[in-house]
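A structural walkthrough
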Amino acid sequence: MSWEPVIGLEIHVHLKTRTKMFCRCELEYGAAENTRTCPVCLAHPGALPVPNARAVEMTILLGLALECEIAEHAVFHRKHYFYPDLPKGYQISQYDEPLCVDGKLPLATAEGDVAVGIVRAHLEEDAAKNVHMGGAAGRISGADRTLVDFNRAGTPLVEIVTAPDIHSAEHAKRFLQMLRQTVVELGISDAEMEKGSLRFDVNVSVRPEGSDELRTRTELKNMNSFNLAAKGIDREIRRQIAVYESSGVVEQETMHFDPGNESAPPLRSKEEAQDYRYLPEPDLVPLEPPRELVERLRAELPELPGARVRRLTEQVGFELAEGLVTSGRDRLFEQVGGERREIANVLMNQFAATGVDPAAANPEELAKLIEARDRIPRQAFTEALAASGDPGFSAERYLGDGQITDASDLEPLVEQVLSANPEQVASYRAGKERVLGFLVGQVMKETQGRANPKLVNDLLREKLQP
């Protein structure tokens with residue numbers, strides 16, 4: 001039997017506000033533990049929440065980018081669960097009346113767009129941070145104790161829930177990359193997985209190919225790497241198929257993927273909505289965004305990453321277009337003149353390897369450099385790319401050290417090398433062609449690497465003919 005994976009994603013994005021969601025504690029990544037707290041975010045008796053207006057605007061902007069309907073009436077709820085990282089014993093979130101609903105984010109692929117529905121994007125507060133101690137990787141697997149840092153408690157958080165419209169680990173990975181780029185470009189989050197400002201849970205099930213049923217799903221919790229997500233999904237797909245093919249039953253549970261052992265031990269049975277005992281938050285009035293605010297934010301939307309991938313695909317093909325957009329190099333690409341595929345290849349390979357910030361590079365000087373890449377030594381080209389983000393960078397400094405491409409300049413050096421190495425010349429003429437590499441190396445040494453290697457090869461072969 002052939003099986004089809006069914007994948008849904010829950011993506012959690014920290015909003016880049018100055019203060020927390022319901023109090024005025026400043027947000028500061030890396031601050032000393034438990035120093036950004038107050039009676040509100042620590043849930044002292046009598047402390048009351050006040051919503052962060054900027055967080056509401058950011059959520060609406062994201063909802064518009066995801067083609068969601070923006071609710072005229074949205075309600076905050078209390079979502080009850082009892083973990084050490086949740087000081088109130090509940091989280092202020094949204095349930096059946098969220099701020100953004102019924103959207104979509106088309107995923108560009110080489111075969112065309114894949115429609116991925118957005119069920120909801122709702123605004124909530126984050127929990128505190130559990131710090132797992134004693135394990136080799138700082139993860140729950142292998143830890144012998146857990147401490148709690150409440151600095152993160154109350155951070156504005158948007159949860160984006162997709163429909164189960166994704167059917168491969170690769171598409172899930174690419175969707176996450178595209179969503180991250182969208183969030184970053186909107187300016188609402190830095191979405192840095194290393195900091196925890198972007199996290200995602202993955203819901204996985206499998207069904208017979210051609211079926212439209214939704215079978216029991218499992219949840220892979222709190223992943224913070226695109227490659228890790230793809231690995232975890234692939235492993236869970238294989239596991240569920242093996243369970244069904246051995247006449248077993250897949251249990252609905254939450255699992256923790258351990259990247260070191262590539263295993264996913266269960267954490268707990270997966271909760272449903274009734275387990276959280278949702279109730280409207282009595283201390284907050286409903287959100288009713290003015291229509292003029294929504295339209296103002298709609299007018300601020302830039303061209304989104306997916307649209308740019310489709311547009312650039314016509315110039316350089318899908319793989320390069322997607323790489324340019326998801327790496328944030330497409331803006332630079334569009335400013336650098338020259339043959340489009342060559343520019344794209346340089347930016348995604350040699351330029352990317354330098355780690356230079358694309359926003360810091362001078363497009364005009366970079367274009368001069370890439371246009372001359374075949375006329376300057378490889379090492380000089382690499383050094384120039386690495387310096388291309390420096391203030392005042394000029395390509396002329398490196399173009400002056402151009403390759404020697406005139407045969408009349410190289411012929412005397414070739415003759416000199418042949419005269420100095422009669423044994424190697426005799427060996428080559430006796431059929432040992434690998435000696436040619438040695439002779440090429442001698443010419444390159446004489447020119448300090450500036451000779452065009454192909455031209456040197458051609459001249460040597462010509463003069464070594466018996």
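Since we're looking at a predicted model, the values are computed, not measured.

About the cut-offs
Residues numbered from 1 in each chain as written. Predicted model: local features only at pLDDT ≥ 70, side-chain atom pairs only at ≥ 80, totals over all residues. Heavy atoms only, no water. Helix = DSSP H or I, 4+ residues; strand = E, 2+ residues; numbered from the N terminus. Buried < 20%, exposed > 50% of the residue type's maximum accessible area, 1.4 Å probe, protein only. Polar contact = N/O pair within 3.5 Å; in protein donor to acceptor, adjacent residues only side chain to side chain. Pairing = 2+ DSSP bridges. Axes fitted to C-alpha atoms, helices over the stretch in contact; angles between N-to-C directions. Parallel < 35°, antiparallel > 145°, perpendicular 65-115°, else oblique. Left-handed = near helix turned anticlockwise from the far one by under 90°. Contact = heavy atoms within 4.5 Å. Nonpolar A, V, L, I, M, F, W, Y, C, P; charged D, E, K, R; others polar. Right-handed = clockwise from strand over helix to strand, strands pointing away. Phe/Tyr/Trp six-rings, centres within 6.5 Å; stacked < 30°, edge-to-face > 60°. Domains from an automatic or database assignment. Salt bridge = Lys/Arg side-chain N within 4 Å of Asp/Glu carboxyl O. Core = buried A, V, L, I, M, F, W, Y, C linked by side-chain atoms within 4.5 Å.

**Thoughts on the side chain of S189**
Position of S189 relative to the elements: it lies in the loop between α2 (169-186) and β10 (198-208). Relative accessible area serves as the criterion here: at 1%, S189 is assigned to the buried category. Here H14 takes part through its backbone oxygen, which lies 2.6 Å from a polar atom of the side chain of S189. Among the polar contacts listed, one links the side chain of S189 to the backbone nitrogen of A191, at a separation of 2.9 Å.

**Considerations on the pairing of strand β6 (residues 117-125)**
Most of β6 sits inside the fold, with eight of its nine residues counted as buried. Relative to β6, strand β5 (residues 100-104) runs antiparallel, the two sharing four bridges. If you follow V101 over to β6, its bridge partner there is R120. Sheet topology note: the β6/strand β9 (residues 156-162) ladder contains seven bridges and is antiparallel. What sits directly across from H122, in β9, is E159.

**Notes on the packing of helix α14 (residues 435-446) against helix α15 (residues 453-463)**
Running from N to C, α14 and α15 cross one another at 120°; their axes reach a closest spacing of 10 Å. The angle between the axes of α14 and α15 places the two elements in the oblique class. The interaxial crossing formed by α14 with α15 has right-handed handedness. Taking contact as the criterion, the partners of L436, L439, V440, V443 and M444 in α14 are, on α15, P453, V456, N457, L460 and R461. Within the contact of α14 with α15, the residues separate by chemical class into eight nonpolar, one polar and one charged.

**Points about the packing of helix α5 (residues 305-316) against helix α6 (residues 318-326)**
Interaxial distance between α5 and α6 falls to 8 Å at its minimum, and their mutual angle equals 140°. With respect to their mutual orientation, α5 and α6 come out oblique. Relative to α6, α5 is oriented so that their crossing is right-handed. From α5, P305, R308, V309, L312, T313 and V316 reach across to α6, where they touch F318, L320, A321, E322, L324 and V325. A per-class count over the contact of α5 with α6 returns nine nonpolar, one polar and two charged.

**Brief notes about the pairing of strand β11 (residues 218-223)**
Of the strand pairs in this sheet, β10 and β11 are connected by four bridges, and their pairing is antiparallel. Of the residues in β11, the one forming a bridge with V204 is T218. Judged from the two bridges that link them, β11 and strand β12 (residues 253-255) form a sheet pairing that is parallel. Looking across to β12, one finds that L220 is bridged to M255. Once the chain exits β11 it traverses helix α3 (residues 226-245) before rejoining the sheet at β12, and the crossover so formed is left-handed.

**What about the packing of aromatic side chains?**
A complete count under the given rule lists seven aromatic pairs for this structure. Here the aromatic rings of F200 and F226 are separated by 6.1 Å at their centres, their planes lie at 0°, and the arrangement is stacked. In this pair, F200 sits in strand β10 while F226 sits in helix α3, placing the two residues 26 residues apart along the sequence. By relative accessible area, F226 is classed as buried at 14%.

**Examining the domain arrangement of the chain**
What the domain assignment reports for the chain is domain 1 (3-289), domain 2 (300-401) and domain 3 (407-464). Summarising the inter-unit geometry, the C-alpha centres of domain 2 and domain 3 are found 35 Å apart.

**What about unusual backbone geometry?**
A positive phi is found at A191, a non-glycine position, where the angle reads about 50°. When you line up the elements, A191 lands in the loop between α2 and β10. Among the residues examined, A191 registers a relative accessible area of 0% and is labelled buried. Positioned with a positive phi, S247 is a non-glycine residue whose angle comes to about 65°. Relative to the helices and strands, S247 is located in the loop between α3 and β12. According to the relative accessible area criterion, S247 is exposed, its value standing at 71%.

**Here's the deal with the pattern of salt bridges**
Following the criterion strictly, the structure yields 34 salt bridges and no others. With a shortest N-O distance of 3.2 Å, E57 and R54 are connected by a salt bridge. Linking E57 with R54, this pair stays in helix α1 (residues 53-65), spanning three residues, or about one helical turn. Note that E236 and R239 form a salt bridge whose closest N and O atoms lie 2.8 Å from each other. Of this pair, E236 and R239 both sit in helix α3, three residues apart, which is roughly one turn of the helix. When salt bridges with common partners are traced through the structure, they connect R54, E57, R296 and E300 into a single cluster.

**Observations concerning the nonpolar core**
Within the largest apolar cluster, 67 residues are counted, with the highest numbers of intra-cluster contacts made by I11, I60, I160, F175, F200 and V202. Residue contacts for V202: discarding those within four places in its chain leaves I7, G8, L9, T218, E219, L220, M223 and I233. The next biggest cluster of nonpolar side chains, apart from the first, holds 32 residues, and it includes A344, A361, I376 and A384.

**Quick look at the sheet that holds strand β14 (residues 279-280)**
Read from one edge to the other, the open sheet built from three strands follows the order β4-β3-β14, with strand pairing classed as antiparallel. The two strands at the open ends of the sheet, each matched to only one other strand, are β4 (90-94) and β14. Bridge count for strand β3 (residues 76-80) against β4 is five bridges, and the pairing is antiparallel. Following the sheet pairing, H80 is matched in β4 by Y90.

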